[in-house]
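The chain contents come next:
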Amino acid sequence: MIHILTKENSIANHFISELRDKEIQKDSMRFRRNIERLGEVMAYEISKTFTYSPQEIETPLGVAEMHTLIEQPVLITLIRAGLPYHQGFLNVFDQAESGFIAAYRHTKKSGEFEIHRKYENTPNLDERIVIVSDPMLATGKSLVLCCRELLSEYNIKELHIAAIIASQEGLDHVRAFISEAQIWVGDVDNELTSKSYIVPGLGDAGDLAYGVKEH
Ligand SMILES: O=P(O)(O)OC[C@H]1O[C@H](OP(=O)(O)OP(=O)(O)O)[C@H](O)[C@@H]1O
Ligand SMILES: O=c1cc[nH]c(=O)[nH]1
Ligand SMILES: [Mg+2]
């Protein structure tokens, strides 16, 4: 199942517009903050699909019948661009455990790129609800490689994949190779450059957030 935030108008449009805006991007703190608050919005949307149980909450004036979340997801993100997105999810699921994967697209001399997965550190994911977040879903290779690795290592109960900007091609790739995941994206663009950057996209999210990378 694929959920696209911009299918209905909301304040998320505003945050995504600011992320895309080549002038507003120049303020890297605002760029990171927009990724973070899109993580908060996406976390809220995903939370609607979780399971809740009735609980009596004692207030100073009486007892409130509430329905509370029965379990927290584990939040996993792909470094670098994922870091502010992860913080947004953590602001909402503030009791969640976190996992980190350092994966990046290394461009070979041929112009082709391969995904280098250099570091992975996650809690035990057996029988857990897992949200894997990365702001950009271009070819889908990074997310497919990382999620397939996690799915082979653990018996994950429920997998959600969250991105802000996805290409249609990347969405199709993820849906084909990770059919068991619920996919949540902010907006979908239809084109990739020869270097597999999303068009119109927003540029290089990790570089805009943290500076141009060396490799
Ligand atoms: O869907 P894909 O084609 O795999 O592309 C998406 C990935 O590419 C970018 O990472 P990058 O290699 O630029 O690292 P960075 O996040 O550290 O900038 C982006 O941050 C995603 O992780
Ligand atoms: O457009 C893109 C594609 C991959 N990674 C990015 O940061 N931006
Ligand atoms: Mg990047």
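By the naming in an unreviewed UniProt entry, the chain is Uracil phosphoribosyltransferase, taken from Sphingobacterium faecale.

Participant: Looking at this model, I keep getting lost on the site of ligand 1. Mind explaining?
Facilitator: Surrounding ligand 1, one finds 17 residues, the nearest of these being Arg-80, Arg-105, Asp-134, Thr-139 and Ser-142. Residue Arg-105 places a main-chain N or O atom 2.7 Å away from an oxygen atom belonging to ligand 1. Between ligand 1 and the protein, one listed contact pairs an oxygen atom with a side-chain N or O atom of Asp-204 at 3.3 Å. When atoms are counted within 2 Å of each cavity's grid points, the one that captures over half of ligand 1 is the largest pocket. Counting residues per element, the ones that place at least two in the shell around ligand 1 are strand 5 (97-107), strand 6 (113-121), strand 8 (136-137) and helix 4 (141-153). The residue makeup of the shell around ligand 1, split by class, is seven nonpolar, four polar and six charged.

Participant: Got a minute to help me understand the site of ligand 2 in this structure?
Facilitator: Around ligand 2, the neighbouring residues are Arg-105, Met-136, Ala-138, Ser-196, Tyr-197, Ile-198, Gly-203, Asp-204 and Ala-205. The backbone of Ile-198 places a nitrogen or oxygen atom 2.8 Å from an oxygen atom of ligand 2. Within the backbone of Gly-203, a nitrogen or oxygen atom sits 2.8 Å from a nitrogen atom of ligand 2. Here ligand 2, which alone exposes 240 Å², has 90% of that area covered by the protein. When atoms are counted within 2 Å of each cavity's grid points, the one that captures over half of ligand 2 is the largest pocket. When the residues that make up the shell around ligand 2 are grouped by side-chain class, the tally is five nonpolar, two polar and two charged.

Participant: Explain the pairing of strand 2 (residues 52-59) here, please?
Facilitator: If a strand is regular, its side chains alternate between the two faces of the sheet. Summarising the sheet, strand 2 and strand 3 (residues 62-69) pair through eight bridges and their orientation is antiparallel. Each bridged residue has a counterpart across the sheet, and for Glu-58 the counterpart in strand 3 is Val-63. Where strand 2 folds back onto strand 3 in an antiparallel hairpin, the turn is made up of two residues.

Participant: Please explain the pairing of strand 6 as it appears in this structure.
Facilitator: Across eight bridges, the pairing between strand 5 and strand 6 is antiparallel. Bridging from a neighbouring strand, His-106 pairs with Glu-114 of strand 6. The antiparallel hairpin formed by strand 5 and strand 6 contains five residues in its connecting segment, where Gly-111 sits at a positive phi of about 95 degrees.

Participant: How do you make sense of the packing of helix 1 (residues 11-20) against helix 2 (residues 28-47) when you look at a structure like this?
Facilitator: Think of two packed helices as two axes; the pair is described by the angle between the axes and how far apart they sit. Orientation of helix 1 relative to helix 2, taken along the N-to-C sense of each, is 150 degrees, at an axis distance of 9 Å. As judged from the angle between their axes, helix 1 and helix 2 are roughly antiparallel. Like other packed secondary-structure pairs, helix 1 and helix 2 cross with a definite hand, here left-handed. On the side of helix 1, the interface is formed by Ala-12, Phe-15, Ile-16, Glu-18 and Leu-19, while helix 2 contributes Arg-30, Phe-31, Asn-34, Ile-35, Arg-37, Leu-38 and Val-41. Classifying every residue of the contact of helix 1 with helix 2 by side-chain character gives eight nonpolar, one polar and three charged.

Participant: Sorry, what's going on with the environment of Gln-25 here?
Facilitator: For Gln-25, the location among the structural elements is in the loop between helix 1 and helix 2. Residue Gln-25 is classed as buried on the basis of its relative accessible area of 10%. In this structure, the C-alpha to C-alpha distance between Gln-25 and Ala-209, residues 184 residues apart in sequence, is 8.7 Å. Setting aside chain neighbours within four positions, we find Gln-25 in contact with Glu-18, Leu-19, Arg-20, Phe-31, Leu-202 and Leu-208.

Participant: What exactly am I supposed to notice about the layout of surface pockets here?
Facilitator: Picture a little ball the size of a water molecule; that probe, rolled over the atoms, points out where space is still empty. By volume, the largest pocket is sized at about 720 Å³. If you go around the largest pocket, you meet 31 residues; those closest to its centre are Tyr-104, Arg-105, Tyr-197, Asp-204 and Lys-213. Elements supplying a minimum of two residues to the lining of the largest pocket: strand 4 (74-79), strand 5, strand 8, helix 4 and helix 6 (205-210). Here the element with the most residues in the lining of the largest pocket is strand 5; it accounts for six residues. Here the lining of the largest pocket is built from residues that sort into 14 nonpolar, ten polar and seven charged.

Rules used throughout
Residues numbered from 1 in each chain as written. Chains lettered and ligands numbered in written order. Predicted model: local features only at pLDDT ≥ 70, side-chain atom pairs only at ≥ 80, totals over all residues. Heavy atoms only, no water. Near = heavy atom within 4 Å. Polar contact = N/O pair within 3.5 Å; in protein donor to acceptor, adjacent residues only side chain to side chain. 1 Å grid on protein atoms, 1.4 Å probe; cavity = no way out; pocket = protein on both sides within 12 Å on 5 of 7 lines; lining within 4 Å. Sits in = over half its atoms within 2 Å of the grid points. Helix = DSSP H or I, 4+ residues; strand = E, 2+ residues; numbered from the N terminus. Nonpolar A, V, L, I, M, F, W, Y, C, P; charged D, E, K, R; others polar. Areas by Shrake-Rupley, 256 points an atom, 1.4 Å probe, with all protein chains shown as cover. Pairing = 2+ DSSP bridges. Axes fitted to C-alpha atoms, helices over the stretch in contact; angles between N-to-C directions. Parallel < 35°, antiparallel > 145°, perpendicular 65-115°, else oblique. Left-handed = near helix turned anticlockwise from the far one by under 90°. Contact = heavy atoms within 4.5 Å. Buried < 20%, exposed > 50% of the residue type's maximum accessible area, 1.4 Å probe, protein only. Points joined across faces, edges and corners; volume = space filled by probe spheres on them.

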